[in-house]
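Given next are the chains, with one letter for each unit.
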Amino acid sequence: MDDKDSPAVPASLQPATDPTQTNVEAPRQSREQVTSAMSAPSPGVGSGPLREQPPPSTAATTAQAAPTLAPISPLNPSAPASGHQQPSGRLPQFVAPSSYLRFKTTHGSAMAAAPEPSPKQSPPSPLDKEQRQGLKAIRDFLKVRTSYDVLPLSFRLIALDTDLLIKKTLNILIQNSIVSAPLWDSQRGRFAGILTATDYINVIQYYYLFPDEISKLDQFRLSSLRDIEKAIGAIPIETVSVHPSRPLYEACRRMLKTRARRIPLVDIDDETGRETVISVITQYRILKFIAVNNEHNTVMLKKTVREIGLGTYSDLATVHMDNTVLDAIHKMVDRNISCIPIVDSENRVLNAFEAVDVIPCIRGGAYEELDGTVGEALCKRPDDSPGIYTCNDCDRLDSLFDAIRKSRVHRLIVIDDDNKLKGIISLSDILKYVLLYGEEDSQRR
């Protein structure tokens, strides 16, 4: 980031004292109607199997991004990846992606040479009608099910008091294997927002804009987060919540409207008027709830990713394995994104750096020690990290839902036949299409 014209430090960012403690409840058990097939590897819907990438670990070996869609096998750790220069010194070990929704088609095949969809309007085809029928059935399902229905039978909720020191919250998240938590204002007795990895990235940006304030960062409380956003010019995500008895469709629409990837369920006592945070539901949990309970409707979504224009395909930010974590953070802040694909010198996908990967890097409040490489950061991921999932723009939407139903998918990297980056499909993209596609047309009728 440039240091020129650094804004004055806001008066509200003043150090404070002791933290309060968190509230931890019972262990988690799934509520969803998931069959035993979900816990074991099973073939995806479409032309090829789905395999999950093993998470990076200290025992992982360096892999080369293969130019074909055959499974990528670990190679000799001392051998450099094709077309990618290793940094001087120790190169961290990592594993290239090995999970795909389909087998690669050969160059010049009928699928690879499929023509672009015609912009001319024509009467709805049987495929169009089936697609719309499936979408309508899913929306009707969301309108009759409540947000409470998405919750598992038993779960734990960790809420953080806004009087808690920011530094202390890092260990709380890591020790409890969570990446976000609802905030509670004990003085006002009400819900105060959601703590996510983006908040820690904002703190890092604040440090680099105001380096003289590093001595005070350890004393900032969670109540200072909104002031930090204002100081660095970050766009805050609107704080919204929904009552657990409201339709799930309403919760989804609020999430899309505010760009939030998760929404708290907040109940209000009829007698006292006090708020109680019941839980937090995410886009992933909502889409998985749809996939598990609406398989008979999702199989009707047979149009391909390319046909429905799902995802982002232009002006994509990327990093290399030897780029620093700080480089990745600056790009995420500049683009207002939470994930950056990691590619080699020929733009072949190796992995992806996510906002949650920042949390282990600053454990203990080491905001000034972010000169480590992106590859080293991936080695700090937990053992149960799901890795990344890739797809082709010829894959159908029903196969994406099949992947979500069986695996922990948070986004899909779109690649071509040479494993080169083409685009990214976020869960927001999928949820937006399911909820909004064709709605304006139906309202005009």
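Residues numbered from 1 in each chain as written. Predicted model: local features only at pLDDT ≥ 70, side-chain atom pairs only at ≥ 80, totals over all residues. Heavy atoms only, no water.

(A) Representation of the packing of helix α3 (residues 197–209) against helix α10 (residues 325–335) within the structure. It is at 11 Å that the axes of α3 and α10 come closest, and there the two elements cross at 105 degrees. Classed by the angle they form, the pair α3 and α10 counts as roughly perpendicular. Of the residues in α10, those in contact with Ile201, Ile204, Gln205 and Tyr208 of α3 are Leu326, Ile329, His330, Met332 and Val333. Within the contact of α3 with α10, the residues separate by chemical class into seven nonpolar, two polar and no charged. (Axes fitted to C-alpha atoms, helices over the stretch in contact; angles between N-to-C directions. Helix = DSSP H or I, 4+ residues; strand = E, 2+ residues; numbered from the N terminus. Parallel < 35°, antiparallel > 145°, perpendicular 65-115°, else oblique. Contact = heavy atoms within 4.5 Å. Nonpolar A, V, L, I, M, F, W, Y, C, P; charged D, E, K, R; others polar.)

(B) Spotlight on the side chain of Asn351. Position of Asn351 relative to the elements: it lies in strand β7 (residues 349–354). The exposure class assigned to Asn351 is buried, which follows from its relative accessible area of 0%. (Buried < 20%, exposed > 50% of the residue type's maximum accessible area, 1.4 Å probe, protein only.)

(C) Structural view of the nonpolar core. Within the largest apolar cluster, 47 residues are counted, with the highest numbers of intra-cluster contacts made by Leu160, Ile166, Tyr200, Phe353 and Tyr367. The dominant element in this core, judged by the number of residues it contributes, is α3, at eight residues. In contact with Tyr200, not counting residues within four places along its chain, are Ile166, Thr169, Leu170, Leu173, Leu195, Ile359, Ile362 and Tyr367. Counting 44 residues, the second largest nonpolar core, distinct from the first, contains Leu135, Leu151, Ile286 and Ile290. (Core = buried A, V, L, I, M, F, W, Y, C linked by side-chain atoms within 4.5 Å.)

(D) Structural view of the sheet that holds strand β9 (residues 411–415). Taken in spatial order, the three strands of this open sheet run β8-β9-β10, and their pairing is mixed. Each edge of the open sheet carries a strand with a single partner, namely β8 (389–391) and β10 (421–426). Each strand of the sheet is rotated relative to its neighbour by a mean of 30 degrees, with strand direction disregarded. Looking at chain direction, β8 and β9 are connected through three bridges and run parallel. Paired with Thr390 across the two strands is Ile413, which belongs to β9. Its contacts with the sheet put helix α14 (residues 427–436) on β9 and β10, and the angle it makes with β10 is roughly 60 degrees. (Pairing = 2+ DSSP bridges.)

(E) Inspection of the packing of helix α6 (residues 248–258) against helix α7 (residues 283–293) at higher detail. Two elements in contact, α6 and α7, have axes separated by 11 Å at closest approach and are oriented at 140 degrees. When the axes of α6 and α7 are compared, the pair comes out oblique. When you trace α6 past α7, the crossing you get is left-handed. Contacts from Leu248, Cys252 and Met255 of α6 reach α7 at Gln283, Ile286 and Phe289. (Left-handed = near helix turned anticlockwise from the far one by under 90°.)

(F) Broad picture of the sheet that holds strand β1 (residues 160–161). The strand order across the open sheet built from three strands is β1-β2-β3, with neighbouring strands paired in mixed fashion. Of all strands in the sheet, those with a lone pairing partner are β1 and β3 (190–195), marking the two edges. Pairing of β1 with strand β2 (residues 181–185), which is carried by two bridges, proceeds in the parallel orientation. By the bridge assignment, Asp161 is partnered in β2 with Trp184.

(G) View of the environment of Arg405. Structurally, Arg405 is set in helix α13 (residues 397–406). The class for Arg405 is buried, based on a relative accessible area of 7%. In this structure, the C-alpha to C-alpha distance between Arg405 and Ile290, residues 115 residues apart in sequence, is 8.5 Å. One polar contact links Arg405 to Asp402, side chain to side chain, over a distance of 2.5 Å. (Polar contact = N/O pair within 3.5 Å; in protein donor to acceptor, adjacent residues only side chain to side chain.)

(H) Structural context of α10. Within α10, burial applies to Val325, Leu326, Ala328, Ile329, His330 and Met332. Each element contacted by the buried residues of α10 is listed here: α3, β6 (339–343), β7, α11 (358–361) and α12 (374–378). Phi turns positive, to about 60 degrees, at Asn336, one or two residues after α10.

(I) Expanded view of the pairing of β7. When you tally the buried positions in β7, you get six out of six residues, the bulk of the element. Relative to β7, β6 runs antiparallel, the two being bridged by five bridges. Across the sheet, residue Ile342 finds its bridge partner in β7, namely Asn351. Linkage of β6 to β7, two consecutive antiparallel strands, is achieved through a turn of five residues, within which Asn347 is found at a positive phi near 70 degrees.

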